[in-house]
Amino acid sequence: MRLLVVEDDALISRSLVDALTPLGNTVEVFACCSDARAALRQGGVDLMLLDIGLPDGDGLSLLAELRDAGDRTPVIILTARDALDDRVRGLDLGADDYLAKPFELAELEARVRALLRRSQQRADNRLGLGPLSFDPASGAASLFGEPMALPHRELLLVESLLLHAGAIAPRETLEGRLFGFGEVGSNALEVYVSRLRKRLKGAGLRIRTFRGLGYRLEEDDG
Amino acid sequence: MIEVEGSLKRRLGGWLVVTVGVLGLALMVEAWVSSQRAAARAFDAQLQAAALTIAEAVRWQDGIPQVVVPAAALQILATDSQARVFYAVLDDDGRTLSRNWPVDIPVAWQQALDEGGMSRDLTTTLGELRLHAQRVASAGWVTQLPVQVWVGHTLEGRRALARSLFERSLSRFIAMVLLTGVLMGLTMRAALSPLRRLRRQIRGRGADDFSPLAARVPKELHELAQALDHLFARQRQGREDLLRFTADASHQLKTPLAGLKTVSELGLRSSDPDEWRQALTRVHARAEDTSRLAGQLLSLARLRHLDRETALPALDLGELVRDVALDWAARERAAEHDLGLGSLPAEPLKVCVEGWALREALGNLIDNALRYTPTGCEITLHLSREGDWARLSIVDDGPGVADAALATLGQPFQRGGRQDTEGSGLGLAIVDTTARRMGARVQFANRSPQGLEVVLWLPLAKDEQDVTGAFAAGVNPGEST
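Residues numbered from 1 in each chain as written. Chains lettered and ligands numbered in written order. Predicted model: local features only at pLDDT ≥ 70, side-chain atom pairs only at ≥ 80, totals over all residues.

**Points about the overall build of chain B**
The secondary structure content of chain B amounts to 10 helices and 14 strands. Out of the 481 residues in chain B, the part that is buried amounts to 25%. Taking the intrachain contacts of chain B between residues at least 6 apart in sequence as the baseline, contacts between residues at least 24 apart amount to 64%. (Helix = DSSP H or I, 4+ residues; strand = E, 2+ residues; numbered from the N terminus. Buried ≥ 20, exposed ≤ 12 C-beta atoms within 10 Å, placed from the backbone. Contact = placed C-beta atoms within 7 Å.)

Right under this line is the structure:
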């Protein structure tokens, strides 16, 4: 994967390179907007980490340019902690995620991985995590390449969880997808989740419950 | 925004003109009347004297009165002005014994006349006359016919006297008004001079001079000067707070930075990779704390500068709480804890607060819970409505806090009575400050069998407050727990 880091603090960009390169990425660092713009024009960028305060301009305007040009390259914006309003603006402008400085490298790696996976899935139109995959075109799920015979609602659950791969799938979203927007019993969703859990046992995948919030499909090793 | 509305001098001058005008009119009328009266009195006395003089000159010869009007009497009657003088001596039957003008005295007057004399105004063809009459009877033992002496003169003399008396009063009055005006101007100048002094003093102050005013002011300006002093004091307080905060913050940051420097220096000095590793681990932990501290200091500084003036749009508390919970639950930091969302109310709860500040406060509470509870603990956010308040609580099932430390938990640098933690002691102070800015209240309580509950009571937006009366009892925040 080719990653772009646009960050003017040498220490931070250096550690970003050191953290992301071992994950099998090529990381290029730019310290100002204009250099980054040139690199983006060449294309082939899989993900951009964009700092908002840059010496030659606002990172947000670079993001706006990018989206205006129809470029869907995933972007994670890096903001200072006291600039949470920028975060909101950034997300409005089409950033895919944000991280507030100072961040933990583990956090950063997880976000980058999740975002890369999502954009990858968008690219080849297949959803997958570990051995589990779902083909939206045929509506079929498979585990280790074997097709899974799943009832309709469990299939919808697999699709929804994979759509959010690596992130929490909010409870309301899942309920809406599975049951429509009518009244749902409080544990109806939990019933389907526990059924799916049984099926995924031993596949190196688990569904973690976030009480009151939703569920996250994650790989056992982290 | 200062608007100039009228002028103090003009206002005072206006009042002066009005009062002096009204007063002057009254005084003029009074002066006119009294000068008329004075002139009348003076001339009536003259007439009386002239009448008496003539009366004394009456002689009776064989019971028949003989009159020779003495020149002295006429002298008395004559005035400086060109007044015409009249006299007539009549007997009791109205027969004229002597007169200088053919003026008929009304019979009714003649009959009404007695020893006391009488004064009358009479309009004749010769003009208006002032008449005085005296009845004279001889004091002898022979019965004699009494006579009536009528004297009078036209009114020019009186008028001239009255006019000159009035003119004298008028000129005195005008002189007085002019003098008053001048004095008033001087007084105003003198009275306003403390204001001018105050202005000069304030204008001459340095930008960072917040010392109390050292000015002598009259009682009326005392309040203004006090208000100014109060303002200066508050500004001074604000600046001192800011300076102290900056100093505190620098100190807070300096200590961990010094530690970082020492640890890394020691690590560099060694050539043993194991020691490097240890040093790096320590550097990492310390750097993490330091950056958290810096973030918190920044939040505090920002909170202090929250603009209270602007009206905030109402935001849905449920949405914000869910958002924050999702945000934190997804973080790596929370991976070892069970961070979840409890019950949310079905209908939206609107509050008028700064969204970022509330997020920051909630984040600090969640961060604290993650930091100070063992892994595997449950941390749950609850939101409910009680009366006109939203009750937002963060509950954990960790070890809780010593009861003695509960009350001071919200104060800076308290660390829940624990000196062993690496926390800055600022997290809950931020929550507390935020809450106070929002008109909210924070409550800390231990739970049984274990755990800590932090409750944020937020006032609902005005149009959200209950009008149905279902909660009309008006639950007081905090009393229900």
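Anyway, onward from the coordinates.
**Quick word on the overall build of chain A**
For chain A, the helix and strand inventory stands at 8 helices and 14 strands. Counting over 222 residues, chain A shows a buried share of 31%. Within chain A, contacts between residues separated by at least 24 positions form 53% of all contacts whose residues are at least 6 apart in sequence.

**What to know about the sheet that holds strand E2 (residues 26-30) of chain A**
Residues and elements named next belong to chain A. The parallel open sheet is built from 5 strands, whose spatial order is E2-E1-E3-E6-E7. Two strands close off the open sheet at either side, each with one partner strand: E2 and strand E7 (97-101). In this sheet, adjacent strand axes meet at a mean angle of 20° when their direction is disregarded. Sheet topology note: the strand E1 (residues 2-6)/strand E3 (residues 47-51) ladder contains 4 bridges and is parallel. Residue pairing for E3: Val6 is matched across the bridge by Leu50. (Pairing = 2+ DSSP bridges. Axes fitted to C-alpha atoms, helices over the stretch in contact; angles between N-to-C directions.)

**A word on the packing of helix H6 (residues 273-304) of chain B against helix H10 (residues 427-437) of chain B**
Residues and elements named next belong to chain B. At a minimum axis distance of 10 Å, the contact between H6 and H10 shows a crossing angle of 15°. By the angle between their directions, the pair H6 and H10 is classed as roughly parallel. Two packed elements cross with a definite hand, and for H6 against H10 that hand is left-handed. Residues Gln296, Ser299, Leu300 and Leu303 of H6 form the contact with H10, whose own contacting residues are Gly427, Ala429, Ile430, Thr433, Thr434 and Arg437. A per-class count over the contact of H6 with H10 returns 4 nonpolar, 5 polar and 1 charged. (Parallel < 35°, antiparallel > 145°, perpendicular 65-115°, else oblique. Left-handed = near helix turned anticlockwise from the far one by under 90°. Nonpolar A, V, L, I, M, F, W, Y, C, P; charged D, E, K, R; others polar.)

**Observations concerning the UniProt feature "modified residue: 4-aspartylphosphate" (unreviewed entry) in chain A**
Residues and elements named next belong to chain A. Per the UniProt annotation, the sites labelled "modified residue: 4-aspartylphosphate" (unreviewed entry) are Asp51. Within the element layout of this structure, Asp51 appears in strand E3. You can call Asp51 buried: it has 24 C-beta atoms within 10 Å. The contact partners of Asp51, leaving out residues within four places of it in the chain, are Val6, Glu7, Asp8, Gly59 and Leu78. (UniProt positions renumbered as here; feature names shortened; annotations may be inferred.)

**Details of the interface of chain B and chain A**
Taken together, the contacts link 17 residues of chain B with 16 residues of chain A. Among the elements of the structure, H6, helix H7 (317-329), strand E9 (338-341) and helix H8 (355-372) of chain B are those that each provide at least two residues to the side of chain B that touches chain A. No other element matches H6 of chain B, which puts 4 residues into the side of chain B that touches chain A. For the side of chain B that touches chain A, the class distribution of residues is 7 nonpolar, 5 polar and 5 charged.

**Overview of unusual backbone geometry**
Following Ser448 of chain B, the chain continues to Pro449 of chain B via a peptide bond in cis, the omega torsion being 0°. Despite not being glycine, Phe144 of chain A has its phi angle at roughly 50°, a positive value. Within the fold, Phe144 of chain A resides in the loop between strand E10 (140-143) and strand E11 (146-148). Classification of Phe144 of chain A by C-beta neighbours within 10 Å gives exposed; the count is 11.

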